[in-house]
Amino acid sequence: MAEERRGSWFGFGFCGFGQALGSGRGRQVHSPEPLQTPGEDVCRVSASWSYTAFVTRGGRLELSGSAGCAAGGCRDAWASEALLVVLRAGPGRGAGTELQAWAPGSALSGEPLWAHTVGPEAEGEDAPGGEPQAGALPLLPGARAYVSPRPPFYSPLAPELRARRLELGAEHALLLDEAGQVFSWGQGRHGQLGHGTLEAELEPRPLEALQGVPMAEVAAGGWHSVCVSETGDIYIWGWNESGQLALPSRSLAEVGKTAAGEASGPKEDGSDVRTAEGESGGLAPFIAIQPFPALLDLPPGTDAVKASCGSRHTAVVTRTGELYTWGWGKYGQLGHEDTSSLDRPRRVEYFVDKRLQVRAVSCGPWNTYVYAVEKAEG
């Protein structure tokens, strides 16, 4: 039987601040390139707009981009423009694990902006090692609270919410519980909460449209949301400005030299459907907002297992190790060797051509990181 080799991380998209995308400062990377960091040792990647945090299996944290430094004793890191949140060994012997929030440019020196000791019952969970995957943060070990780049920075979860994953968008949060049920809260003006309205929700509210369909994965973009069911189906909702919902969008129609028409108004189901004049002169519908989960079809026989969202792009990993991307592509963040935006899923051929199997994907706002392995010849 063929033995699987250890894989590597690849990056593509915006790297104007010198993020480790394999190409150096001031460039866009249009096709996947191996990371400049020791990619085979990296187990966690969290990207903000101007910098990226890498955590290695040995617990080393490295920052690349507008913020740059390295530190040891780290289990997880979560990057945002306002805060760098790190789970690391507390100061002093026997101090346990501490959640620390730093200004990204602080180089992790001096005192953190704030710190919170993690309970001993959670210290053994989710340590670095094993196959790369999405980090636990912003959900804290023990799944009883989460962190946010805006006040309140530390927010407890209701005891009845037994979370296994939590994702933050620009203005909303998604939670996946142990039973596979999805909850959302925050601002809803772009339909990103999935409740069929554009209203905000102050507290976690279950998505009624997904009741009875156990989910295995959730991902939050800037203003859109994705989840993957246990059977590999993709559900997606929110803002479709750049085609990130894999639905016809106005911005892509305008790029295609079509003339925007008048809005036809919201449909009875709540989606915001507009029209544009196509090249043939007929009216082609486009969707600006989809405020409830819609089933997205990949090619027949293709099941999704992982998903990640950027500001306005979406990436999905299939059970067979293929990567599909769509949405905003201005900086090459879709990985298709150009800067076209797409309103439908398209397979990233680089990994197919290199005989690589994608295992993990982590989107920054304007770029994408992918972990892939190559099977040994058997």
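Anything mentioned here points back to the structure above.
The rules behind the values
- Residues numbered from 1 in each chain as written.
- Predicted model: local features only at pLDDT ≥ 70, side-chain atom pairs only at ≥ 80, totals over all residues.
- Heavy atoms only, no water.
- Salt bridge = Lys/Arg side-chain N within 4 Å of Asp/Glu carboxyl O.
- Helix = DSSP H or I, 4+ residues; strand = E, 2+ residues; numbered from the N terminus.
- Buried < 20%, exposed > 50% of the residue type's maximum accessible area, 1.4 Å probe, protein only.
- Core = buried A, V, L, I, M, F, W, Y, C linked by side-chain atoms within 4.5 Å.
- Pairing = 2+ DSSP bridges.
- Axes fitted to C-alpha atoms, helices over the stretch in contact; angles between N-to-C directions.

## What to know about the pattern of salt bridges
This structure, assessed with the given rule, holds 12 salt bridges. The shortest N-O distance in the salt bridge between Asp76 and Arg44 comes to 3.6 Å. Placement of the pair is Asp76 in strand 7 (residues 74-79) and Arg44 in strand 3 (residues 42-47), with a sequence separation of 32 residues. Of the two residues, Asp76 and Arg44, both sit in the buried class. Several salt bridges converge on common partners, so that one network encompasses Arg165, Glu167 and Glu217.

## Regarding the nonpolar core
Trp9, Leu323, Phe351 and Tyr369 are the most contacted members of the largest nonpolar core, which totals 28 residues. Among the elements of the structure, strand 1 (8-15), strand 3, strand 24 (313-318), helix 2 (349-353), strand 27 (357-363) and strand 28 (367-373) are those that each provide at least two residues to this core. Tallying contributions element by element places strand 28 first for this core, with 5 residues. In terms of nonpolar packing, the next biggest core, distinct from the first, is built from 17 residues, Leu245, Leu298, Ala307 and Cys309 among them.

## Concerning the sheet that holds strand 24
Taken in spatial order, the 4 strands line up as 23-24-25-26 in an open sheet, and their pairing is antiparallel. Only two strands of the sheet have a single partner each, and these edge strands are strand 23 (304-309) and strand 26 (342-347). Averaged over all adjacent pairs, the angle separating strand axes in this sheet is 15°, with direction ignored. Pairing between strand 24 and strand 25 (residues 323-327): 5 bridges, direction antiparallel. Bridged to Val317 within strand 25 is Leu323.

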